[in-house]
Amino acid sequence: MTPILALSGVGKRFGAFAALTDIGFEIGEREAVGLIGPNGAGKTTLFNVITGFLPPDAGSIRFAGQDLRGMPPTRRVARGMARTFQTAMVFPGLTARENIAMAVREHAGDGLRWFGGGRGTAAADDTAARLLAEAGLGHRADTPLRDLSHGERRIVDALMPLALSPRLLLLDEPTAGLTRAESDRLLDMLRRHHPGTALLLVAHDIDIVFGHCARVVVMELGRVIRVGTPDEVRADADVRRAYLGSAAP
Ligand SMILES: Nc1ncnc2c1ncn2[C@@H]1O[C@H](COP(=O)(O)OP(=O)(O)OP(=O)(O)O)[C@@H](O)[C@H]1O
């Protein structure tokens, strides 16, 4: 089967500094893949290259079989590649449901008419309510974003791109600042209610990555040093040296 994402020989330099060198790995349809590595390994740079915010200098990136060279981020999103919501389309004074409904309508090309109560408002509202209920936040749907806890906000952040029903969701530290229980709940929700969405998950907490991803890509100094199952990665001497330190994970 064609992988949803396939990287081959991807490189990125900042001047003389090689931030990414010869990056290659694949993500299967519906697969959850973790991306770990010490600070400065190049994880965020790789995210930006995959999503089109930075052009690579070398290599190819294919999404569902299509070469993404030169494709702007908005077209990548339209084709089913989403990342944690980073635009200004978040309104602290509006409720959780209203914010997510706006993301749904934005995706449907109907964003600005939201204010006028245009067509599709009820459907978008229903989708938002369903997403919140699935995430265990149904009781907070009518709470303004600014009144949610940090953990609840992170869950809403992750729900915004799900409004796009993406084929691939890239999550850069979605669990930062969450308790282990909140992190597990967020990732369980993603896998249970959105099994058709493949994930690329960056998280500093390796237990979260090992616990929720079928395979793990390990980066060090801009290179992939290992791709394997959590057990394989845990047992790998290079990974221990590079990322995990001398202590066994
Ligand atoms: N715009 C830039 N110009 C120059 N160097 C950059 C730029 N962006 C990133 N770098 C460098 O590229 C390297 C990789 O950074 P990146 O943020 O991708 O790593 P990371 O694995 O995400 O790290 P962290 O876990 O700390 O977020 C770092 O040495 C960083 O200083």
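Residues numbered from 1 in each chain as written. Predicted model: local features only at pLDDT ≥ 70, side-chain atom pairs only at ≥ 80, totals over all residues.

The protein goes by ATP-binding cassette domain-containing protein in an unreviewed UniProt entry, where it is assigned to Roseomonas alba.

Novice: I would appreciate a short explanation of the site of the ligand in the present structure.
Specialist: In the vicinity of the ligand, the contacting residues are Phe14, Phe17, Ala19, Gly37, Asn39, Gly40, Ala41, Gly42, Lys43, Thr44 and Thr45. Those elements that provide at least two residues to the shell around the ligand are strand S2 (17–27) and helix H1 (43–51). Tallying contributions element by element places H1 first for the shell around the ligand, with three residues. (Near = placed C-beta within 6 Å. Helix = DSSP H or I, 4+ residues; strand = E, 2+ residues; numbered from the N terminus.)

Novice: Got a minute to help me understand the packing of helix H5 (residues 150–162) against helix H6 (residues 180–193) in this structure?
Specialist: Contact geometry of H5 with H6 gives a least axis separation of 11 Å together with a crossing angle of 20°. In this view, H5 runs roughly parallel relative to H6, as classed from their interaxial angle. Crossing handedness for the pair H5 and H6: right-handed. Contacts between H5 and H6 involve Gly151, Arg154, Ile155 and Ala158 on the former and, on the latter, Glu182, Leu186 and Leu190. Residue classes in the contact of H5 with H6 are distributed as four nonpolar, one polar and two charged. (Axes fitted to C-alpha atoms, helices over the stretch in contact; angles between N-to-C directions. Parallel < 35°, antiparallel > 145°, perpendicular 65-115°, else oblique. Left-handed = near helix turned anticlockwise from the far one by under 90°. Contact = placed C-beta atoms within 7 Å. Nonpolar A, V, L, I, M, F, W, Y, C, P; charged D, E, K, R; others polar.)

Novice: Would you take a moment to explain H1 for this structure?
Specialist: Working note: α-helix, 3.6 residues per turn, so residues spaced by three or four point in the same direction. In terms of burial, H1 is largely enclosed, as seven of its nine residues are buried. Within the sequence span of H1, burial applies to Lys43, Thr45, Leu46, Asn48, Val49, Ile50 and Thr51. Backbone geometry just downstream of H1 places glycine 52 in the positive-phi region, at approximately 95°. (Buried ≥ 20, exposed ≤ 12 C-beta atoms within 10 Å, placed from the backbone.)

Novice: Can you help me understand the domain arrangement of the protein in this one?
Specialist: The extent of an interface is frequently quoted as the accessible surface area lost upon association of the parts. Domain annotation of the protein identifies domain 1 (1–80 + 166–249) and domain 2 (85–165). Each side of the interface is counted separately: domain 1 has 15 residues, and domain 2 has 12 residues. Residue assignment for the side of domain 1 that touches domain 2 shows that the elements contributing at least two residues are strand S7 (168–172) and H6. With six residues, H6 is the single largest residue contributor to the side of domain 1 that touches domain 2. Residues of the side of domain 1 that touches domain 2, tallied by class, amount to nine nonpolar, four polar and two charged. (Domains from an automatic or database assignment.)

Novice: It is not clear to me how the environment of glutamate 182 should be interpreted in this structure. Could you clarify?
Specialist: Along the polypeptide, glutamate 182 turns up in helix H6. Classification of glutamate 182 by C-beta neighbours within 10 Å gives partly exposed; the count is 18. Expressed as a C-alpha distance, the spacing of glutamate 182 and aspartate 57, which sit 125 residues apart in the sequence, is 38 Å.

Novice: Would you mind going over unusual backbone geometry with me for this structure?
Specialist: Excluding glycine, residues mostly have negative phi values, and the peptide bonds linking residues are mostly trans. Here alanine 64, not a glycine, exhibits a phi torsion of approximately 50°, which is positive. The residue alanine 64 is located in the loop between strand S4 (58–63) and strand S5 (66–67) in this model. Accessibility expressed as a C-beta count within 10 Å gives 16 for alanine 64, which makes it partly exposed.

Novice: Where do I start with the pairing of S2 in this structure?
Specialist: Regular strands show a simple pattern: their side chains alternate between the two faces of the sheet. Two elements, strand S1 (residues 5–14) and S2, share seven bridges in a ladder whose sense is antiparallel. Looking at S2, one finds that valine 10 is bridged to isoleucine 23. What sits between S1 and S2 in their antiparallel hairpin is a turn of two residues, with glycine 15 showing a positive phi close to 60°. (Pairing = 2+ DSSP bridges.)

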